Amino acid sequence: MLNSARIEARVPTQDLERARRWYAEKLGLNPVEERPGGLRYEGASGVFCLFASAGAADGSFTQLAFYVDDIEATVAALRERGVVFEEYPGTVGGIMEIDGNYPSKGRAERGAWFRDSEGNMIGLGEVVE
């Protein structure tokens, strides 16, 4: 029933205007649609929305991810914009090699994580064929 449905992510924000500025300044993203209490963003093959919320995710897991073709170049470009990447055991320069034990495309994935202005965990992924 849902196999052909379009999937979209919803990311909570305590301060929607602060989040809008952060996503624009740090990630170079601007909303394609605005409604009271929410902003909608579109990528090449997906959509996510920021919404005003009194609640907050605890930031201990990835809430939104972007697949990129060159993770090193993307991490470097985002660092130049002031994005701070999480460091975990096994990361090198903020990037982790994840062999087959992760629900990803290909045989493995390379990943990097950072937090947005609201503390939400955002991931970058590069498929390893």
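Residues numbered from 1 in each chain as written. Predicted model: local features only at pLDDT ≥ 70, side-chain atom pairs only at ≥ 80, totals over all residues. Heavy atoms only, no water.

Peer 1: Honestly, the pairing of strand β3 (residues 38–42) in this entry has me stumped. Any pointers?
Peer 2: The side chains of a regular strand alternate, first on one face of the sheet and then on the other. The element β3 is largely enclosed, with a buried count of 4 among its 5 residues. Pairing of strand β2 (residues 33–35) with β3 involves 3 bridges; the strand directions are antiparallel. Within β3, the residue paired with E33 across the bridge is R40. Between the end of β2 and the start of β3, which pair antiparallel, lie 2 residues, with G37 showing a positive phi angle near 85°. Two strands pair when backbone bridges link them, and β3 and strand β4 (residues 47–52) are joined in this way by 5 bridges, in the antiparallel orientation. Paired with R40 across the bridge in β4 is C49. Taking the residues between adjacent antiparallel strands as the criterion, β3 and β4 are bridged by 4 residues. (Buried < 20%, exposed > 50% of the residue type's maximum accessible area, 1.4 Å probe, protein only. Helix = DSSP H or I, 4+ residues; strand = E, 2+ residues; numbered from the N terminus. Pairing = 2+ DSSP bridges.)

Peer 1: Looking at this structure, I do not really get the sheet that holds strand β6 (residues 96–99). What am I missing?
Peer 2: The strands making up a sheet are joined through hydrogen bonds of the backbone, oriented either antiparallel or parallel. The 4 strands are arranged β5-β8-β7-β6 in an open sheet whose pairing can be described as mixed. Pairing within the sheet leaves two strands with one partner each, and these edge strands are β5 (62–67) and β6. On average, adjacent strands in this sheet sit at an angle of 35° to one another, irrespective of strand direction. Direction of pairing for β5 relative to strand β8 (residues 121–128): parallel, over a ladder of 5 bridges. Pairing of A65 across the sheet is with G123, part of β8. Relative to the sheet, helix α2 (residues 71–80) contacts β7 (108–115) and β8, its axis offset from that of β8 by approximately 155°. (Axes fitted to C-alpha atoms, helices over the stretch in contact; angles between N-to-C directions. Contact = heavy atoms within 4.5 Å.)

Peer 1: Help me understand the pattern of salt bridges in this model?
Peer 2: Here the idea is simple: oppositely charged side chains can pair when their charged atoms come close. The tally for this structure, following the rule as stated, stands at 13 salt bridges. Here E33 ties to R40 by a salt bridge, and the two come within 3.9 Å at their closest N and O atoms. Through salt bridges with shared partners, a single ionic network connects R6, E8, R10, E33, R35, R40 and E42. (Salt bridge = Lys/Arg side-chain N within 4 Å of Asp/Glu carboxyl O.)

Peer 1: Quick question: what am I supposed to make of the sheet that holds strand β1 (residues 8–13) here?
Peer 2: With respect to topology, 4 strands assemble into an open sheet ordered β1-β4-β3-β2, the strand pairing being mixed. Only two strands of the sheet have a single neighbouring strand rather than two, namely β1 and β2. Geometrically, the sheet is characterised by an average inter-axis angle of 20° between neighbouring strands, direction not taken into account. With respect to the sheet, helix α1 (residues 16–27) is in contact with β1, β2, β3 and β4, its orientation differing from that of β4 by roughly 145°.

Peer 1: I keep staring at α2 and nothing clicks. Help me out?
Peer 2: Owing to its 3.6 residues per turn, the α-helix aligns residues three or four sequence positions apart on the same side. The complete set of buried residues in α2 reads I71, V75 and L78. Along the axis of α2, the buried residues cluster in a sector spanning 70°; they form a single face. The elements touched by buried residues of α2 are α1, β7 and β8. Note on α2: the residue one or two positions beyond its end, G82, has a positive phi of about 100°. (Arc of directions from axis to C-beta.)

Peer 1: Help me out: how do you make sense of the pairing of β8 in this one?
Peer 2: Taken across its 8 residues, β8 has 7 buried, putting it largely inside the fold. Sheet analysis places β7 next to β8, joined by 8 bridges and oriented antiparallel. Within the sheet, the bridge partner assigned to E109 lies in β8 and is V127.

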